[in-house]
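One-letter residues, chain by chain:
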Amino acid sequence: MDERKILVLFGSQTGTAEDVAERVGREAKRRHMSTKVMAMDAYAITNLIHEPLVVFVCATTGQGDEPDNMKNFWRFLLRKNLPPNSLSQMKYAVLGLGDSSYQKFNFVAKRMHKRIQQLGGTPLTNLGLADDQHDLGPDAVIDPWLKALWDIVLDLHPLPPGKEIISSDICPPSKFEVEFHEVANGLEQSSNPTTSSLQNCRKQQPPTQRDPFYARMISNVRATAEDHWQEVRLARLDITGSNISYSPGDVVMIEPQNLPDTVDEFLEHLKLHPDKLVTLKQNDPDVPIPYQLPQPCSIRHLVTHYFDINGIPRRYFFELLSHLADNELEKEKLQEFASTEGQQELFSYCNRPRRTTLEVLQDFPHVSSAIPFKYLFDLIPPLQPRAFSIASSLQACPNEIHILVAVVKYKTKLMKPRRGVFSTWLTTLKPEEGTVRLPIWVKKGTITFPKSADTPVIMVGPGTGCAPFRGFIQERAANNIGGNTIFFGCRNKDKDFFFESEWTELVGKKLLQLFTAFSRDQEDKIYVQHRMEENQSLLWDLIDKQGAWFCLAGDSKQMPKGVNDALKTAIKNGGNLTDSEVDEYMKRLEKSKRYQAETWS
């Protein structure tokens, strides 16, 4: 059996790569292979030299950065003292998950493929580069890539005598077994984590995802005018006693929770008793019990804090649900959505209108009324933590973290507006009415700033993209350091001009140069790139003569290209350069970290 074993390692930031890795693991088990699926950083990397067959599933985050749960693994692989034949026994395949609207599309997967090859690994098949922007989503690449992979694997390791590939028509066993308990007085209360026991907690070590700090919310105010279409919140968190230290550009991670109305709707639809207690037991030695769940745990706690009931279900959800369906009409439709041929229709039904897991279950009432409780852990992925650029400086705001959050709410063809889980929950939190605590930890961001006080910095941050720059400006202003230039854009001066009074004061003290673009305050729309075009000579002088750094943050749709073009124009005209010379100049800026971009979709 050793010969027929496969290791699937993933680096995942939002859970998508983990979801795909689990699919690879399921398909391997159907082919009677001994299979382990784990995050790269959870794997003992020194054992890699003994692995005969490995599939790497890698997401790319930020500016071509590796996800958090593979950083240590990747750092080890990059060691210069590793012999070039270290992995000569290994056959491997790399599948990348990326988004071609980002500049460094699938950068991590490309580097991983190249590095394993440098260390002597033999690629089984071509590098797979899945793209979120494809009309059919990442599956358009994943499906044919996996088919090719399994053809090659079975050539190398044929099925054991008398065995056949287990049909995908057979329902796989659940990840966990579940034991139910009757509700006992006081038991449910003590089994769930409460903030009361954490209020005076002091951390000896910096908090982590496994051991977050429950930060008290100091304030949570609306940062846009009451009559503005977009609600944005500025929240302040108290981190006294947390052992958290952060620098400008760092990111705070926050565990969200589902809203009470959707929790109640879910419980009612599946006819679940919210106060009933459950204990999970392993059903597969390779799948551990989720560390974030207390044992035993109430069903309400599970649905509020663990199940991502508002997420958009992925293809395997429909495949597994079809196994559990008795109603022929529902079963047929679910099988169609799970098939390769049905992906366009699934996209139209699920992804385009952003239909949630709860809404899909409501559309399939027969099967959802018959789902064995233990299969909910296979059907619904866990809620993922949310990342926010820290909008404050410890020097200016000791023992505080500030976040600037746009509240997500929009219409699709569905009757109910789509709501962001975290941002909508945030609007309900009222620290003035009682203590509110949020589980948080901090990690390094993708934007770093120069350490030298003599280095000027140009920042372009329209909308909430200004958050990391507010922290950096605060830090420099607290130390009376100038050389800070920001291009800020929003719709209206009187509606969504964040930090106006704070920045105007710093302009008066000669610590900040501020250029604003209010796109809707006049007939012709004016954006940050237009203000850059008006100040080309200043940009060229700062970058070329004074060695300034250039940092950009914000929405990834049109803005980054417009800003890039404006910067290139300033460099071209300022230095009297050709287009190819401008490209080389930009590459040098990027390589030396003097050009950085943090964009999101």
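Our subject is the structure listed above.
Residues numbered from 1 in each chain as written. Predicted model: local features only at pLDDT ≥ 70, side-chain atom pairs only at ≥ 80, totals over all residues. Heavy atoms only, no water.

What's the story with the pattern of salt bridges in this structure? I'm lost.
When the charged atoms of two side chains lie near each other, side chains of opposite charge can form a pair. Using the criterion set out here, one finds 35 salt bridges in the structure. Here Asp-143 makes a salt bridge to Arg-23, at a shortest N to O gap of 2.8 Å. Of this pair, Asp-143 sits in helix α4 (residues 139-156) while Arg-23 sits in helix α1 (residues 16-30), placing them 120 residues apart in sequence. Take Arg-23: its relative accessible area is 18%, and that puts it in the buried class. Taking the shortest distance from any N to any O, the salt bridge between Asp-143 and Arg-315 comes out at 2.3 Å. Of the two residues, Asp-143 sits in helix α4 while Arg-315 sits in helix α8 (residues 315-324), which places them 172 residues apart along the sequence. The pair Asp-143 / Arg-315 is uniform in exposure class, with both members buried. One network of salt bridges, in which partners are shared, links Arg-23, Glu-27, Asp-139, Asp-143 and Arg-315. (Salt bridge = Lys/Arg side-chain N within 4 Å of Asp/Glu carboxyl O. Helix = DSSP H or I, 4+ residues; strand = E, 2+ residues; numbered from the N terminus. Buried < 20%, exposed > 50% of the residue type's maximum accessible area, 1.4 Å probe, protein only.)

Would you take a moment to explain the layout of surface pockets for this structure?
Where empty space is left can be seen by rolling a probe of water-molecule size over the atoms. Counted as a void, the second largest pocket has a volume near 280 Å³. Around the second largest pocket sit 16 residues that line it, and Pro-248, Phe-449, Pro-450, Lys-451 and Glu-475 are the ones nearest its centre. Looking at the lining of the second largest pocket residue by residue, the class counts come to 7 nonpolar, 4 polar and 5 charged. (1 Å grid on protein atoms, 1.4 Å probe; cavity = no way out; pocket = protein on both sides within 12 Å on 5 of 7 lines; lining within 4 Å. Points joined across faces, edges and corners; volume = space filled by probe spheres on them. Nonpolar A, V, L, I, M, F, W, Y, C, P; charged D, E, K, R; others polar.)

I keep staring at the state of the cysteines and nothing clicks. Help me out?
Cysteine pairs can be covalently joined through their sulfur atoms, and such a bond is termed a disulfide. Applying the stated criterion across every chain yields a total of 0 disulfides. Here Cys-350 stays unpaired: no disulfide links it, and the sulfur of Cys-171, its closest cysteine neighbor, is 20 Å away. Classification of Cys-350 by relative accessible area gives buried; the value is 0%. (Disulfide = S-S within 2.5 Å.)

Mind showing me how you'd approach the sheet that holds strand β14 (residues 400-406) here?
The strands that make up a sheet pair up through hydrogen bonds in the backbone, lying either parallel or antiparallel. Taken together, 6 strands build an open sheet; the order of strands is β13-β10-β17-β8-β9-β14 and the sheet is antiparallel. Lying at the two open borders of the sheet, with one neighbouring strand each, are β13 (386-389) and β14. Adjacent strand axes in the sheet meet at a mean angle of 40 degrees when their direction is disregarded. Bridge analysis of strand β10 (residues 251-254) against β13 gives 4 bridges, and the strand direction is antiparallel. In the sheet register, Val-251 faces β13, and the bridge partner there is Ser-389. (Pairing = 2+ DSSP bridges. Axes fitted to C-alpha atoms, helices over the stretch in contact; angles between N-to-C directions.)

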